[in-house]
Amino acid sequence: MGAQQAEQPAAGPEQQVRDGFEKLYGAAPEGVWAAPGRVNLIGEYTDFNEGFVMPLALPHTAVAAFSRRDDGVLRLHSADIEGPVVELHVDELAPLTNTSWAAYPAGVVWVLREAGHAVTGADIHLASTVPTGAGLSSSAALEVVTALALNDLFELGLTRPELARISQRAENDFVGVPCGIMDQTASACATEGHALHLDCRDLSIRQIPFDLPAQGLQLLVVDSRVKHALGDGAYAERREGCEEGARQLGVPFLRDLPYEDLDAALARLSDERVRRYVRHVVSDDHRVDEVIALLDAGDVRAIGPVLTAGHTSLRDDLRISCPELDLVVATANEAGALGARMTGGGFGGSAVVLVETADADTVTKAVEEAFAAAGYTAPRLFLAVPSEGARRVV
Ligand code: ADP
Ligand code: MG
């Protein structure tokens, strides 16, 4: 299956969600909101080093119909999950007690109420085209769509970055997943035709022009369909190694080490493992800067080699790639892609591939054939058109 066919269907998901809401709850919703998934273009394992990331919002969205309630009841339903309406009470929400999908939107209600906002209940019905388990942040889409809808309905007056922080807190404290701020910021703050430059130290953001269709380019997301078990412990180990590197170099965070000083700094490190991690983080922060300079100059094609250099660094220095992701990158580049890299936490998940639109089918076919020849599960491909962040749709 080609990436083009995997695009979101044109037939109004808003209307379907609206109709579904009415059927479930017996009245039309007050409104319908949408929030996208995201993919990270460049800047990996840089967030906890207080560095830079550069995600973009996908055309794939969570769409949710909402009405307010004033009796403390919270009713939730997903068109994508088998089962009846989940009914909770806002006074009884407690962190880490709900392990179902409903914890993501319920967690947002909990965070808002903890912060003193009078969210007095809601009826919610949603559906999402963000694929789960591909590292495209279907969870952030669910949180952000809830935060935006409640902000509008209860007139809370919160800013987009505040909604992102609330959504992150819901995932960290209520669901219990220790994610950073990137996913929710991308979903809440991205704009169409742009990538989002996020400074993970002061959380400042800048929209960077990245209008792929206008340039005759496509960014493919290739879901390798694998998730290697060593992921969790390896993340903590990389984190610890980066902190050790910063300590040995006498900087608060690796972000504070200028790229110009990298070689001298590496020479001062005795531990080969720490040296590799430092080299990855400092060079990936630099690659974010390089990509921004190229995109600001309108030279979109030139970011391809920077993406591929990022993959090499993740593979050889941070060592978080896997044979499937390496195969995507090597095959895509051999078949004419401009550049490619794994994206996300690693040990599986997805890769991004930048291609001329005219070459997209050839590259897609080459990757699919290479996977078949290697005996791997067929990959899933998506088109990552840089899209609008969260918004009200009805
Ligand atoms: P991802 O990388 O996609 O964010 P997560 O494990 O963080 O992966 O989040 C996936 C979870 O989010 C699912 O297991 C489910 O609980 C919830 N979720 C995502 N999309 C939906 C949906 N359409 N309906 C209900 N729950 C969803
Ligand atoms: Mg997630």
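With an unreviewed UniProt entry as reference, the protein is termed Galactokinase, source organism Streptomyces aurantiacus. The protein has a UniProt comment under Function (unreviewed entry) that states "Catalyzes the transfer of the gamma-phosphate of ATP to D-galactose to form alpha-D-galactose-1-phosphate (Gal-1-P)." Within the UniProt record for the protein, the comment given under Pathway (unreviewed entry) is "Carbohydrate metabolism; galactose metabolism."

Undergrad: An account of the overall build of the protein is needed here, citing residue identities and associated values.
TA: The helix and strand inventory of the protein stands at 12 helices and 13 strands. A globule of 394 residues ought to have a C-alpha radius of gyration of about 21 Å, and the protein, at 21 Å, matches this closely. Projected onto its principal axes, the C-alpha coordinates of the protein cover approximately 65 × 50 × 40 Å. When each of the 394 residues of the protein is scored for burial, the buried share is 50%.

Undergrad: Describe the sheet that holds strand β8 (residues 205–209), naming the residues involved and giving the relevant values.
TA: Strands sit in the order β2-β7-β8 across an open sheet of 3 strands; the sheet is antiparallel. The sheet is open, and its two borders are formed by β2 (52–53) and β8, each paired with just one other strand. Note: β2 against strand β7 (residues 194–199), 2 bridges, orientation antiparallel. Counted as the bridge partner of V53 is L198 from β7. Packing against the sheet, helix α9 (residues 272–296) makes contact with β2, β7 and β8, and its axis sits at approximately 50 degrees to β8.

Undergrad: Any chance you could break down the sheet that holds strand β12 (residues 380–383) for me, citing the residues and the numbers?
TA: Sheet strands line up and pair through hydrogen bonds in the backbone, either parallel or antiparallel. Judged by pairing direction, the sheet is antiparallel, and its 4 strands sit side by side in the order β10-β11-β9-β12 without closing on themselves. Of all strands in the sheet, those with a lone pairing partner are β10 (339–343) and β12, marking the two edges. When strand polarity is set aside, the average angle formed by the axes of neighbouring strands in this sheet is 25 degrees. Examined bridge by bridge, strand β9 (residues 217–227) and β12 share 4 bridges and lie antiparallel to one another. Pairing of V222 across the sheet is with L381, part of β12. Strands β10 and β11 (348–356) of the sheet are contacted by helix α10 (residues 303–318), whose axis makes an angle of about 40 degrees with β10. Strand contacts of helix α11 (residues 323–334): β9, β10 and β11, with the helix running at about 165 degrees to β10, the strand carrying the most contacts.

Undergrad: Tell me about the site of ligand 1, residues and numbers included.
TA: Lining the immediate environment of ligand 1, one finds 14 residues, of which S78, W101, S128, S138 and S139 sit closest. Split by residue class, the shell around ligand 1 holds 5 nonpolar, 8 polar and 1 charged.

Undergrad: Report on the domain arrangement of the protein, specifying residues and quantitative values.
TA: On domain assignment, one finds that the protein holds domain 1 (3–208 + 387–392) and domain 2 (210–383). Between domain 1 and domain 2, the C-alpha centre-to-centre distance is 26 Å. Listed as interface residues are 29 residues of domain 1 and, on the opposing side, 38 residues of domain 2. Of all the secondary-structure elements, those providing two or more residues to the side of domain 1 that touches domain 2 are β1 (31–40) and β7. By residue number, the principal contributor to the side of domain 1 that touches domain 2 is β7, which donates 3 residues.

Undergrad: Any details on the environment of S139? Residues and values, ideally.
TA: In this fold, S139 is placed in helix α3 (residues 138–153). C-alpha separation for the pair S139 and D183, spaced 44 residues apart in sequence, amounts to 8.9 Å. Setting aside anything within four residues of it in sequence, one finds S139 in contact with Y104 and E171.

Undergrad: Pulling in residues and values, what's your account of the UniProt feature "active site" (unreviewed entry) in the protein?
TA: As annotated in UniProt, the feature "active site" (unreviewed entry) corresponds to D183 in the numbering used here. By the secondary structure assignment, D183 is in helix α5 (residues 182–189). You can call D183 buried: it has 28 C-beta atoms within 10 Å. Discounting residues that sit within four places of it in the chain, D183 has contacts with R38, S137 and A140.

Undergrad: Can you explain the packing of helix α4 (residues 160–175) against α5? Please cite residues and give values.
TA: Packed helix pairs are characterised by how far apart their axes lie and by the angle those axes make with each other. For the pair α4 and α5, the least separation of the axes is 8 Å and the interaxial angle reads 140 degrees. The angle between α4 and α5 places the two elements in the oblique class. Every pair of crossing elements has a handedness; the one defined by α4 and α5 is right-handed. The residues of α5 that touch α4, namely those facing R160, P161, L163, A164, S167 and Q168, are Q184, T185, A188 and C189.

Undergrad: Describe α11, listing the residues and the values that go with them.
TA: Between its terminal C-alpha atoms α11 stretches 16 Å, which fits the 16 Å expected from 12 residues at 1.5 Å a residue. In this structure, the buried side of α11 is in contact with β9, α10, β10, β11 and α12 (360–374). Within two residues after α11, G336 carries a phi angle of roughly 110 degrees, on the positive side.

Undergrad: I'd like to hear about the pairing of β1, residue by residue, with values.
TA: Most of β1 sits out of view: 9 of its 10 residues are buried. Here 9 bridges tie β1 to strand β3 (residues 55–68), and the two strands are oriented antiparallel to one another. From the neighbouring strand, R38 faces β3, where its bridge partner is A57.

Cut-offs and rules
Residues numbered from 1 in each chain as written. Chains lettered and ligands numbered in written order. Predicted model: local features only at pLDDT ≥ 70, side-chain atom pairs only at ≥ 80, totals over all residues. UniProt positions renumbered as here; feature names shortened; annotations may be inferred. Helix = DSSP H or I, 4+ residues; strand = E, 2+ residues; numbered from the N terminus. Rg over C-alpha atoms; globule rule 2.2 N^0.38 Å. Buried ≥ 20, exposed ≤ 12 C-beta atoms within 10 Å, placed from the backbone. Pairing = 2+ DSSP bridges. Contact = placed C-beta atoms within 7 Å. Axes fitted to C-alpha atoms, helices over the stretch in contact; angles between N-to-C directions. Near = placed C-beta within 6 Å. Nonpolar A, V, L, I, M, F, W, Y, C, P; charged D, E, K, R; others polar. Domains from an automatic or database assignment. Parallel < 35°, antiparallel > 145°, perpendicular 65-115°, else oblique. Left-handed = near helix turned anticlockwise from the far one by under 90°. Expected span 1.5 Å × (residues − 1).

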